[in-house]
Number of protein chains: 2
Amino acid sequence: MHDMDAPQVPAPGLRERTRRAVRAELMAEAWRLFAAQGFEATTVEEIAAAAGMSKRSFFRYFVSKEDLVLGNLEDVGREVAAALAERPADESAWQALRRAFDGLVAEIEADADRFRPLLTMLRSEPGLHASHVEKRQRWQTMLAPQLAARVPARAGGSQDRPDPRLAALAGAALTCFDVAQTAWLDDPATDLAALLDEVMTAISTLTP
Amino acid sequence: MHDMDAPQVPAPGLRERTRRAVRAELMAEAWRLFAAQGFEATTVEEIAAAAGMSKRSFFRYFVSKEDLVLGNLEDVGREVAAALAERPADESAWQALRRAFDGLVAEIEADADRFRPLLTMLRSEPGLHASHVEKRQRWQTMLAPQLAARVPARAGGSQDRPDPRLAALAGAALTCFDVAQTAWLDDPATDLAALLDEVMTAISTLTP
DNA sequence: CCAATAATGACACCCGGTGTCACAGTCTGC
DNA sequence: GCAGACTGTGACACCGGGTGTCATTATTGG
């Protein structure tokens, strides 16, 4: 394999670099406005104007106004799924799920000052909240297949369709994460990791 | 307690009756159009015209186009919460949650032919799906407080804030319901109750 | 029958989002 | 150096969901 022709990952290329710069500029400007007037009250035209461009061009960088806020959530989901895939094989599904969140939890707690207003906005603005919940529910479909090896085979079910128990486990873990995150937002004293531990062990001990 | 002076429930009043009739008419007309062309492809103006009224009047009966589809979900959530509250006290939280779904499960299976296209549409149309997920997540806040008596007191937590473990249990049960419902849509052969049983017992047995 | 009240239609408007077109820049190969 | 091809951009019109307003029309109650 030659070098010189790597398509996207190792060669950002000037095109892609400027594109990323403009996206970052738009995000920064948008965030300033959101903090000042809220998400809904800020219009796309304002954001575009603040970054010195037309509304039409804004939509060439973000597919929607919500995408500006929630776009990177897709990658975060992939990171969690990757972390789950790399957990040792002797961990149970539930343990592995708990550990798969470690990176994200650490990241959030590391600069909580940046994440707290973001997450708070995600809960307060209705449209944003809906999209957030939906996007995060799609993590479930990324995580579920990774659990197959950690769960005994299904009793009677057909093997061709995806095992709903895996989806349920992944979904329950994500619910725990969401609940812990919410409690963490409401009570700045406690730390997120402890909350997640408490909530996930509650599921394992209180479900029979 | 006298009778004769119940304010709204037993005395619909002609005003409210016609209002309900118009709402029903709009829903029927809308559903016909949705089935023919899909949710997004059907415009509010079409629905209103089909029911013989202006677009403006449509929004006097439904706060949004999505509300026409998801409006009753609010009441369904209340029904589930009521069913949960009436479960015998000796049932565990998880058992009570499972049983609280019985009414809804029976209702769905009773006329599956009506629910199947509805639920399928909720999953296929993106905007609708987002609102659905969000609305159903609000069931969590209705169910969680009912579980307090079925769960041992928290270890170190403050008593003034809501117990996140309750929200996690309710949320996990709702996730199970959602997963079972999805599997039921994909595989018309199995019955919903059995799927819900399988998935909820999977959570209780596979979480350690 | 008449006055207060509610429902309606018509119209203008906002905002998120898209399609289109013409124009500028840049990057190629000749 | 130049003709392209490709890309990014602004301008404009347009769509559709949703709202504010106002004048007109039922309905209701006295």
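Model, not experiment: these values are computed from the prediction.

Things to note about the overall build of chain A
So, point 1. Regarding its fold elements, chain A presents 11 helices and 0 strands.
So, point 2. The helix and strand sequence of chain A, counted from the amino end, reads α-α-α-α-α-α-α-α-α-α-α.
So, point 3. Overall, chain A is about 60 × 55 × 30 Å in size when its C-alpha atoms are taken along their principal axes.
So, point 4. Put simply, chain A has 208 residues, and 48% of those count as buried.
So, point 5. When contacts within chain A are restricted to residue pairs at least 6 apart in sequence, long-range pairs at least 24 apart make up 66% of them.
So, point 6. Total accessible area computed for chain A in this model is approximately 10,800 Å², and 55% of it derives from carbon and sulfur atoms.

Considering the interface of chain B and chain A
So, point 1. With 37 residues of chain B in contact, the opposing surface of chain A contributes 37 residues.
So, point 2. Both faces combined, the contact of chain B with chain A buries some 3,100 Å², and carbon together with sulfur accounts for 65% of it.
So, point 3. There are 4 salt bridges connecting chain B and chain A.
So, point 4. One salt bridge connects B:Arg154 with A:Glu198, and the closest N-O pair in it is separated by 2.7 Å.
So, point 5. Linking chain B with chain A are 11 residue pairs in polar contact (both at pLDDT 80 or more), by the criterion used here.
So, point 6. Elements with a minimum of two residues in the side of chain B that touches chain A: α9 (126-143), α10 (164-186) and α11 (192-206) of chain B.
So, point 7. Looking at which element gives the most residues to the side of chain B that touches chain A, the answer is α10(B), with 13 residues.
So, point 8. A per-class count over the side of chain B that touches chain A returns 20 nonpolar, 8 polar and 9 charged.

Re the domain arrangement of chain A
The extent of an interface is frequently quoted as the accessible surface area lost upon association of the parts.
All names here are of chain A.
So, point 1. What the domain assignment reports for chain A is domain 1 (13-63) and domain 2 (72-206).
So, point 2. When each unit is reduced to the centre of its C-alpha atoms, the spacing between domain 1 and domain 2 is 29 Å.
So, point 3. Listed per partner, the contact involves 5 residues of domain 1 and 6 residues of domain 2.
So, point 4. Around 450 Å² of area is buried between domain 1 and domain 2 when both sides are counted, 76% of it from carbon and sulfur atoms.
So, point 5. On the domain 1 side of the interface with domain 2, the three residues burying the most area are Trp31, Phe39 and Glu40, jointly 89% of the side's total.
So, point 6. At the junction of domain 1 and domain 2, the tally comes to 0 salt bridges.
So, point 7. There are 2 residue pairs in polar contact (both at pLDDT 80 or more) connecting domain 1 and domain 2.
So, point 8. Residue composition of the side of domain 1 that touches domain 2, grouped by class: 3 nonpolar, 1 polar and 1 charged.

Concerning the state of the cysteines
So, point 1. Throughout the structure, instances matching the rule amount to 0 disulfides over all chains.
So, point 2. Unpaired in this structure, A:Cys176 has its nearest cysteine sulfur neighbour in B:Cys176, at a distance of 11 Å.
So, point 3. With a relative accessible area of 0%, B:Cys176 lands in the buried category.

Here's the deal with the protein's contact with DNA strand C
So, point 1. Lining the immediate surroundings of DNA strand C are 19 residues, of which A:Lys55, A:Arg56, A:Lys65, B:Ser57 and B:Arg60 lie closest.
So, point 2. Between a phosphate oxygen of DNA strand C and a main-chain N or O atom of A:Val44, the distance comes to 3.2 Å.
So, point 3. B:Ser57 has a polar side-chain atom sitting 2.6 Å from a phosphate oxygen of DNA strand C.
So, point 4. Of all the secondary structure elements, the ones that give two or more residues to the surface near DNA strand C are α3 (55-61) of chain A together with α3 (55-61) of chain B.
So, point 5. A breakdown of the residues in the surface near DNA strand C according to their chemical character gives 5 nonpolar, 6 polar and 8 charged.

Conventions used here
Throughout this document, residue positions are counted from 1 along each chain, in the order its sequence is written. A letter from A marks each chain and a number from 1 marks each ligand, given out in the order of writing. Whole-chain, interface and lining totals are the exception, using all residues; otherwise, since this is a predicted model, local features are given only for residues with pLDDT of at least 70 and side-chain atom pairs are given and counted only at 80 or more. Calculated side-chain values reflect all of the structure's heavy atoms, with hydrogen atoms and water omitted. Counting from the N terminus, the helices are DSSP H or I runs at least four residues long and the strands are E runs at least two residues long. We call a residue buried when its accessible area falls under 20% of the maximum for its residue type, exposed when it is over 50%, and partly exposed in between, using a 1.4 Å probe and counting protein chains only. Pairs of residues are marked as contacts when any of their non-hydrogen atoms sit within 4.5 Å. Reported accessibility uses the Shrake-Rupley method at a 1.4 Å probe radius. Residues are deemed covered only where the shown protein chains occlude them. Reported buried area values correspond to the accessible surface (1.4 Å probe) lost by two parts on association, with both partners' losses combined. Each reported salt bridge corresponds to a side-chain nitrogen of Lys or Arg within 4 Å of a carboxyl oxygen of Asp or Glu. Any pair of nitrogen or oxygen atoms within 3.5 Å is treated as a polar contact; in protein, a donor-acceptor pairing is required on top of that, and neighbouring residues in sequence qualify only through side-chain atoms on both sides. The nonpolar class holds Ala, Val, Leu, Ile, Met, Phe, Trp, Tyr, Cys and Pro. Asp, Glu, Lys and Arg form the charged class, and all remaining residues, Gly among them, are polar. Residue ranges for the domains trace back to a domain assignment, done automatically or taken from a database. When two cysteine sulfur atoms lie within 2.5 Å, the pair is treated as a disulfide. It suffices for a single heavy atom of a residue to lie within 4 Å of a molecule or strand for the residue to be listed as near it.

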